[in-house]
Amino acid sequence: KTLSAQFRIGGMTCANCVNSVEGILKKLPGVKGAVVALATSLGEVEYFPSAISKDEIVQAIEDAGFEAAFLQ
Ligand code: 9UX
């Protein structure tokens, strides 16, 4: 069973950033899908909570040089 969660992301300044963040997320074990919007600085990730935590998702984004925080 998957959950979806929205996050706010900082540090994205061009469309390539969007592609890298989405690519990083989609490659994480436990992440089923991810979309990120440059205009709103918001993203949504669908993940298996049995396989990956929000903290691990945030860490992966920050390791790539961006900032991330889940909305709730
Ligand atoms: Mo665009 Mo993002 O040149 O880190 S890829 S700024």
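Further up the page is the structure itself.
Structural notes, computed from the coordinates. Since the structure is predicted, the reported quantities are computational estimates derived from the model, not experimental observations.

## A few points about the nonpolar core
Grouped burial of nonpolar side chains is what soluble globular proteins tend to show. One finds L25 and I57 to be the most contacted residues of the largest nonpolar core, which totals 22 residues. When contributions to this core are tallied by element, the ones reaching two or more residues are β1 (3-10), α1 (15-27), β2 (31-37), β3 (42-47), α2 (54-63) and β4 (67-70). Every residue in contact with L25, bar those within four places of it in the chain, is listed here: F7, V31, A34, I57 and I61.

## Notes on the site of the ligand
In the vicinity of the ligand, the contacting residues are T13, C14, N16, C17 and F66. Residues of the shell around the ligand, tallied by class, amount to three nonpolar, two polar and no charged.

## Description of the packing of aromatic side chains
Evaluation of the coordinates by the stated rule reveals one aromatic pair. Between F7 and F70, the ring centres sit 5.7 Å apart and the planes meet at 70°, which makes this aromatic pair edge-to-face. Of this pair, F7 sits in strand β1 while F70 sits in strand β4, placing them 63 residues apart in sequence. The exposure classification of F7 matches that of F70, with both residues buried.

## As for the pattern of salt bridges
In this structure the tally under the stated criterion is one salt bridge. A salt bridge links E46 to K32, with the nearest nitrogen and oxygen atoms 3.8 Å apart. On the criterion of sequence distance, the pair formed by E46 in strand β3 and K32 in strand β2 is long-range, its members being 14 residues apart. Relative accessible area serves as the criterion here: at 25%, E46 is assigned to the partly exposed category.

## Quick word on the sheet that holds β4
One open sheet holds the four strands; their spatial order is β2-β3-β1-β4, and the pairing between them is antiparallel. Both outer strands of the open sheet, β2 and β4, are each paired with one neighbouring strand and no more. For this sheet, the mean angle separating the axes of adjacent strands, direction not counted, is 25°. Two elements, β1 and β3, share six bridges in a ladder whose sense is antiparallel. Across the sheet, the residue bridging to Q6 is E44, located in β3. Contacts from α2 reach β1, β2, β3 and β4 within the one sheet, and its direction differs from that of β4 by about 160°.

Rules used in this analysis
Residues numbered from 1 in each chain as written. Predicted model: local features only at pLDDT ≥ 70, side-chain atom pairs only at ≥ 80, totals over all residues. Heavy atoms only, no water. Core = buried A, V, L, I, M, F, W, Y, C linked by side-chain atoms within 4.5 Å. Buried < 20%, exposed > 50% of the residue type's maximum accessible area, 1.4 Å probe, protein only. Helix = DSSP H or I, 4+ residues; strand = E, 2+ residues; numbered from the N terminus. Contact = heavy atoms within 4.5 Å. Near = heavy atom within 4 Å. Nonpolar A, V, L, I, M, F, W, Y, C, P; charged D, E, K, R; others polar. Phe/Tyr/Trp six-rings, centres within 6.5 Å; stacked < 30°, edge-to-face > 60°. Salt bridge = Lys/Arg side-chain N within 4 Å of Asp/Glu carboxyl O. Pairing = 2+ DSSP bridges. Axes fitted to C-alpha atoms, helices over the stretch in contact; angles between N-to-C directions.

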